[in-house]
Amino acid sequence: MIFSMTGFAAVNKELTAGRLALEIKSVNHRYLEFQCRMPDELRSCEGAMRDAVAAKLARGKVECRITYQSVAQATENTLNTAALTALASRQTTLLHLFPEARPLTVWEIMHAPGVEPETGLSAGLVREPLLACLDEAITELNASRAREGAKLAALIVERLDGIEALIEQVTPYIPQLVQSYQLKLAQKLRDASVESVNDERLRQEVVLFASRIDVAEELNRLSTHVSEVRRVLKAGGNAGKRLDFLMQELNREANTLGSKSAAPEVTRISIELKVLIEQMREQIQNIE
């Protein structure tokens, strides 16, 4: 199974003392990077959370957000008036002494000690439910990434089919180009009033031309790389970096094919190959 690095999951859990909510999302990244926004009381759980993520995800920038609302917060809509009054008095005094200082923001006021009802939150109380929520969220996230990965794999296979069709188009052109060159060369010699054309010399010129435009090796390598991409997609797992390397090899052969081109049609096919390869490369950047 191929996994995308893009996904999202959300899990809520009702506890005796409150409600725990966890959101986790991931986007493409070269390595595995984990970031988490959570109440300061839960920071001691971050190491265990990081280990849980690393055990099930290989690559991606993973962002987690945890919120906790206690029963007191849910039922008490009023703020601590005494705490607010004391905070306002202190701010007035400080601003009088330091007039260049800026006033407190609403966020700073709301998070000042004692302004809102105490949550009663502690890492010891929430640790196990939190890790259980995270495990459930990672499972849901991986399911989301798998669905996205299946779509990416289907798009890549579609481009592979297009590449194979273009390879089949190129193959008949080479003998036709060699034959056309031989006829044109003989005609040029006749037009130049060369009475005697050395068949051996003519044959050598044709052989040299054929060797210059011979792309059989490039076509074989393109076919081999296409087969390898199909195999990697079928095998699944952490295939992103391997697929990215194969895109580089495919692009190299397509460039060589274009440089050896002796006909506009072959040049067109080379360009179309590079377009398909670039489309695959863009999709592969999001594969784990």
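The preceding data block contains the structure.
Presented here is an overview of the structure given in this document. All figures in this text were calculated on a predicted structure; none of them were measured in a lab.

## Quick word on a nonpolar patch on the surface
Inference 1: Together, Leu94, Leu97 and Phe98 line one region of the surface with nonpolar side chains, adding up to about 330 Å² of accessible area.
Inference 2: By the secondary structure assignment, Leu94 is in helix 3 (residues 81–97).

## Comments concerning the sheet that holds strand 2 (residues 18–27)
Inference 1: Spatial strand order, 1-2-4-3: 4 strands in an open sheet with mixed pairing. One side of each edge strand has no neighbouring strand; the edge strands of this open sheet are strand 1 (7–14) and strand 3 (32–37). Pairwise comparison of adjacent strand axes, ignoring direction, gives a mean angle of 15° for this sheet.
Inference 2: Relative to strand 2, strand 1 is paired through 8 bridges, and the arrangement is antiparallel. Counterpart to Asn12 in the pairing with strand 2 is Ala21.
Inference 3: Contacting strand 3 and strand 4 (60–70), helix 1 (residues 46–56) crosses the sheet at an angle of about 140° to strand 3.

## Some details on the pairing of strand 3
On a regular strand, one side chain projects to one face of the sheet and the next to the other, so that they alternate.
Inference 1: Sheet analysis places strand 3 next to strand 4, joined by 6 bridges and oriented parallel. Following the sheet pairing, Glu33 is matched in strand 4 by Lys61.
Inference 2: The parallel pair strand 3 and strand 4 is bridged by helix 1, and the resulting crossover is left-handed.

## Some details on the nonpolar core
Inference 1: Ranked by size, the top nonpolar core spans 30 residues in total, and within it Val229 and Leu243 carry the most contacts.
Inference 2: Counting only elements with at least two residues in this core, the list comes to helix 5 (123–170), helix 8 (216–235), helix 9 (240–259) and helix 10 (264–284).
Inference 3: Ranked by the residues each element gives to this core, the list is headed by helix 5, at 8 residues.
Inference 4: Dropping the residues within four chain positions of it, Val229 is found in contact with Ile156, Leu160, Leu243, Leu246, Met247 and Leu250.
Inference 5: Counting residues in hydrophobic clusters, the runner-up holds 24 residues, among them Cys36, Cys45, Val62 and Cys64.

## Examining the side chain of Glu288
Inference 1: Relative to the helices and strands, Glu288 resides in the segment after helix 10.
Inference 2: In terms of polar contacts, Glu288 uses its side chain to reach the side chain of Arg145, at 2.5 Å.
Inference 3: Those residues within four positions of Glu288 in sequence are excluded, and the remaining contacts are Phe3, Ser4, Met5, Leu57, Ala58, Arg59, Arg145, Gly237, Asn238, Ala239 and Gly240.

## Description of the environment of Thr256
Inference 1: If you trace the backbone, Thr256 turns up in helix 9.
Inference 2: Spatially, the C-alpha atom of Thr256 lies 7.3 Å from that of Glu218, the residues being 38 residues apart in sequence.
Inference 3: At a separation of 3.0 Å, a polar atom in the side chain of Thr256 contacts the main-chain carbonyl oxygen of Arg252.

## Re the pattern of salt bridges
Inference 1: Taken as a whole, this structure holds 17 salt bridges when the rule is applied.
Inference 2: Among the salt bridges present, the one from Arg50 reaches Glu46, with a minimum N-O distance of 3.2 Å. Linking Arg50 with Glu46, this pair stays in helix 1, spanning 4 residues, or about one helical turn.
Inference 3: Residue classification places Arg50 among the partly exposed residues on the basis of a relative accessible area of 37%.
Inference 4: Where Arg252 meets Glu249, a salt bridge forms, and the shortest distance between an N and an O atom there is 3.4 Å. Of this pair, Arg252 and Glu249 both sit in helix 9, 3 residues apart, which is roughly one turn of the helix.
Inference 5: Among the ionic contacts, a cluster of salt bridges with common partners joins Lys25, Lys61 and Glu63.

Rules used in this analysis
- Residues numbered from 1 in each chain as written.
- Predicted model: local features only at pLDDT ≥ 70, side-chain atom pairs only at ≥ 80, totals over all residues.
- Heavy atoms only, no water.
- Patch = residues over 30% accessible without salt bridge, like charges linked within 9 Å, V, L, I, M, F, W, Y side chains within 5 Å.
- Areas by Shrake-Rupley, 256 points an atom, 1.4 Å probe, with all protein chains shown as cover.
- Salt bridge = Lys/Arg side-chain N within 4 Å of Asp/Glu carboxyl O.
- Helix = DSSP H or I, 4+ residues; strand = E, 2+ residues; numbered from the N terminus.
- Pairing = 2+ DSSP bridges.
- Axes fitted to C-alpha atoms, helices over the stretch in contact; angles between N-to-C directions.
- Contact = heavy atoms within 4.5 Å.
- Right-handed = clockwise from strand over helix to strand, strands pointing away.
- Core = buried A, V, L, I, M, F, W, Y, C linked by side-chain atoms within 4.5 Å.
- Buried < 20%, exposed > 50% of the residue type's maximum accessible area, 1.4 Å probe, protein only.
- Polar contact = N/O pair within 3.5 Å; in protein donor to acceptor, adjacent residues only side chain to side chain.

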